[in-house]
Amino acid sequence: MKKALWILGTAVVIALGVFLYMVGTTLFEAAEKAEEEDPSTEETKEVNFDAVMNGEAEEGNSEEEEETEEVSADMNPFGQAIVVNDIKEDHIQGYIHNMSHQKVEASEKWGFYEITDERINWLLEAVNNGDYPNGDTYRDILERWANGDFSSVVQDHNTVWSLQDGTIGKATGILSKEEEQAFIESRK
């Protein structure tokens, strides 16, 4: 009887391990595919974090998706169909987090948006016109960045990363100018 329970328990643990491995691999592959895409409306490769998080990142686009991308580029500087007055807090977090990847050292970086004045100002407008529980935090980060002050970018990254319940990829330092440029070039 004990031997049968032990065998059953071992089989359950193995099956659970295989399942978790498959889910993790699928998410990782979706993130890699999203990074490999080269949107024609952007200078750099950028990951649609909504699609990756929802498991919707796919190769290729339907005609409807391509039309949405063209319209989206006009709506916001991140190339998504989110207008400044309708932006949700998780989008603000994602945009700030992914922009900070340009400046920080981290063991893992999923997603990237190049930092531009246009993007910073667009997000500031959203934060200043919205009511977000962490709005003061976002405003502080974005105002520093708008003034070219990235001295607290590691803390900025980790603050937003923590708000997103991050567990992997905590920032540990600031990239040198050369490392930053190499990172940007690797995303083009």
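Preceding this section is the structure that the text describes.
Along each chain, residues carry numbers from 1 onward, in the same order as the chain's sequence is written. Only residues with pLDDT of at least 70 get local features here, since the model is predicted, and only at 80 or more are side-chain atom pairs given and counted; chain-wide, interface and lining totals rely on the full set of residues. To obtain the side-chain values, all non-hydrogen atoms of the structure were included, while hydrogens and water were left out.

Think of a nonpolar core as a cluster: buried Ala, Val, Leu, Ile, Met, Phe, Trp, Tyr and Cys residues, connected wherever their side-chain atoms sit within 4.5 Å. For every residue, the accessible area obtained with a 1.4 Å probe (protein chains only) is divided by the maximum for its type, and the residue is called buried under 20%, exposed over 50%, and partly exposed between those limits. Counting residues in each nonpolar core, the largest one holds 27 residues, and the members touching the most others are Ile 87, Ile 92, Tyr 95, Ile 96, Leu 123, Leu 142 and Trp 145. At the level of secondary structure, the elements contributing two or more residues to this core comprise helix H4 (89–100), helix H5 (117–129), helix H6 (135–146) and helix H7 (153–163). Strands here are runs of E lasting at least two residues and helices are runs of H or I lasting at least four, both read from the DSSP assignment and numbered beginning at the N terminus. When residues of this core are assigned to their parent elements, the largest contribution, six residues, is made by H5. What Ile 92 contacts, discounting residues up to four positions off in sequence, is Ile 87, Leu 123, Val 127, Tyr 132 and Tyr 138. Contacts: residue pairs with any heavy atoms within 4.5 Å of one another.

So, about the packing of H4 against H7. At a closest axis distance of 9 Å, the pairing of H4 and H7 adopts a crossing angle of 140°. On the basis of the axis angle, H4 is oblique to H7. In this structure, the crossing between H4 and H7 has a hand that is left-handed. In contact with Gln 93, Ile 96, His 97 and Ser 100 of H4, H7 contributes Val 153, His 157, Val 160, Trp 161 and Leu 163. Throughout this entry, Asp, Glu, Lys and Arg are counted as charged residues, while Ala, Val, Leu, Ile, Met, Phe, Trp, Tyr, Cys and Pro are counted as nonpolar. The remaining residues, Gly among them, count as polar. Classifying every residue of the contact of H4 with H7 by side-chain character gives five nonpolar, four polar and no charged. Working convention: axes come from line fits to C-alpha atoms, limited for helices to the stretch in contact. Angles between N-to-C directions cover 0 to 180 degrees. We call two directions roughly parallel when the angle between them is under 35 degrees, roughly antiparallel when it is over 145, roughly perpendicular when it lies between 65 and 115, and oblique otherwise. What makes a crossing left-handed is the near helix being turned counterclockwise from the far one by less than a right angle; a clockwise turn instead makes it right-handed.

Here we take up the packing of aromatic side chains. Ring pairs shown here join Phe, Tyr and Trp side chains whose ring centres sit within 6.5 Å, with only the six-membered ring taken for Trp; geometry is labelled stacked below 30 degrees between planes, edge-to-face above 60, and tilted in between. Tallying each qualifying case throughout the model produces seven aromatic pairs. Ring centres 5.6 Å apart and planes at 75° place the aromatic pair Tyr 95 and Tyr 113 in the edge-to-face group. Note that Tyr 95 is positioned in helix H4 and Tyr 113 in the loop between strand S1 (104–106) and H5, a separation of 18 residues in sequence. Here Tyr 95 and Tyr 113 have matching classes, each one buried. Where Tyr 95 meets Trp 122, the ring centres are 6.2 Å apart and the plane angle is 70°; that geometry is what we call edge-to-face. Of this pair, Tyr 95 sits in helix H4 while Trp 122 sits in helix H5, placing them 27 residues apart in sequence.

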